[in-house]
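An overview of the molecular structure
What follows is each chain in one-letter form.
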Amino acid sequence: MDIFTLILWIGTLIFLGLSFIKDKEKTKQALRMAFHMGKGMALSIFTIIFAIGLILTLIPPEKIGMYIGKQPMIVSIIAFALLGTVTLIPAFIAFPLVGTLVQAGVGIMPSVSFLTTLTMVGAVTFPLEKKEFGLKFTLLRNGLSFLFAIIIAIVMGVFIK
């Protein structure tokens, strides 16, 4: 366990303790609610983890890294950005997945473009966003997010190399 994780755990326990001291019943109720929400999300989370594991078994990260490494960098960046755009994976699953891809040889820039579009661009959520915010806003937000994701990937690639 790294120091940052340890600090988060300690901070969480301290604030949980303070919450118990202030109002024991509300804290218990909040913990029950969190537990029930976690149970509700567990099936989705395990399904996503299983699907990613299956995909990485059928197409090993080394092969992905080898294939992507042969492509021109801009093609890899855009391809991974498009993949991130149409994928709906929670960030806490996406970060380890991207770490695996980087270790397998996928470059930083394509990996960052995937991760950034995954969290900033919503092709899967487009219909809901369009309904709530309108077509013009949704197209503008997603288009700018895609563009900035590419820029972020290039900048990160320059700084990390």
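Quick summary incoming for the structure in this document. Being a predicted model, the structure only gives us computed values, none of them experimental. (Residues numbered from 1 in each chain as written. Predicted model: local features only at pLDDT ≥ 70, side-chain atom pairs only at ≥ 80, totals over all residues. Heavy atoms only, no water.)

**Notes on the overall build of the chain**
- Looking only at helices and strands, the chain features 8 helices and 0 strands.
- Shown N-terminal to C-terminal, the secondary structure of the chain runs as helices and strands in the order α-α-α-α-α-α-α-α.
- Relative to its length of 161 residues, the chain is extended, with a C-alpha radius of gyration of 19 Å against a globular reference of 15 Å.
- With respect to the three principal axes, the spread of C-alpha positions in the chain is 60 × 45 × 35 Å.
- A separation threshold of at least 6 residues defines the contact pool for the chain, and within that pool the share at least 24 residues apart is 70%.
- Of the accessible surface of the chain, which amounts to about 11,200 Å², a share of 77% is contributed by carbon and sulfur atoms.
- Charged side chains in the chain number 13 positive and 6 negative. The centres of these two groups are separated by 4 Å. (Helix = DSSP H or I, 4+ residues; strand = E, 2+ residues; numbered from the N terminus. Rg over C-alpha atoms; globule rule 2.2 N^0.38 Å. Contact = heavy atoms within 4.5 Å. Areas by Shrake-Rupley, 256 points an atom, 1.4 Å probe, with all protein chains shown as cover. Lys, Arg positive; Asp, Glu negative; His and termini not counted. Charge placed at Lys NZ, Arg CZ, Asp CG, Glu CD.)

**So, the nonpolar core**
- Grouped together as the largest cluster of nonpolar side chains are 16 residues, with contacts concentrated most on Ile64, Phe80, Ile89, Leu97 and Phe114.
- Going through the elements one at a time, helix H2 (24-58), helix H3 (61-69), helix H5 (91-103) and helix H6 (108-120) are the ones with two or more residues in this core.
- Per element, the largest residue contribution to this core is 5 residues, and it comes from H5.
- Excluding residues that lie within four positions of it along the chain, phenylalanine 114 makes contacts with Phe80, Ala81, Leu83, Gly84, Thr87, Ile89, Leu97 and Val98.
- The next biggest cluster of nonpolar side chains, apart from the first, holds 6 residues, and it includes Ile77, Met109, Val112 and Ala153. (Core = buried A, V, L, I, M, F, W, Y, C linked by side-chain atoms within 4.5 Å. Buried < 20%, exposed > 50% of the residue type's maximum accessible area, 1.4 Å probe, protein only.)

**Looking at H5**
- With 13 residues, H5 should cover 18 Å at 1.5 Å per step; its first-to-last C-alpha distance of 18 Å lies within 8% of that length.
- When H5 is considered as a whole, its buried residues turn out to be Ile93, Ala94, Leu97, Val98 and Leu101. Projected down its long axis, H5 carries its buried residues within an arc of 130°, all on one side. Set apart from the buried face of H5 by more than 90 degrees, the exposed residues are Phe92 and Gln103.
- Positioned one or two residues after H5, glycine 105 has a phi angle of 115°, which is positive. (Expected span 1.5 Å × (residues − 1). Arc of directions from axis to C-beta.)

**Things to note about the packing of aromatic side chains**
- Per the counting criterion, the structure on display carries 2 aromatic pairs.
- Consider the rings of phenylalanine 80 and phenylalanine 114, whose centres lie 6.3 Å apart with planes at 80°: the pair is edge-to-face. Here phenylalanine 114 lies in helix H6 and phenylalanine 80 lies in helix H4 (residues 73-85), a separation of 34 residues in the sequence. Note on accessibility: phenylalanine 80 and phenylalanine 114 belong to one class, buried.
- Aromatic side chains phenylalanine 133 and phenylalanine 137 sit 5.4 Å apart centroid to centroid with 55° between the ring planes, which places their arrangement in the tilted category. (Phe/Tyr/Trp six-rings, centres within 6.5 Å; stacked < 30°, edge-to-face > 60°.)

**Observations regarding the pattern of salt bridges**
- All told, the structure shown has 1 salt bridge when counted by the stated rule.
- Here arginine 141 ties to glutamate 129 by a salt bridge, and the two come within 2.5 Å at their closest N and O atoms. Of the two residues, arginine 141 sits in helix H8 (residues 135-160) while glutamate 129 sits in helix H7 (residues 126-133), which places them 12 residues apart along the sequence.
- You can call glutamate 129 buried: its relative accessible area is 9%. (Salt bridge = Lys/Arg side-chain N within 4 Å of Asp/Glu carboxyl O.)

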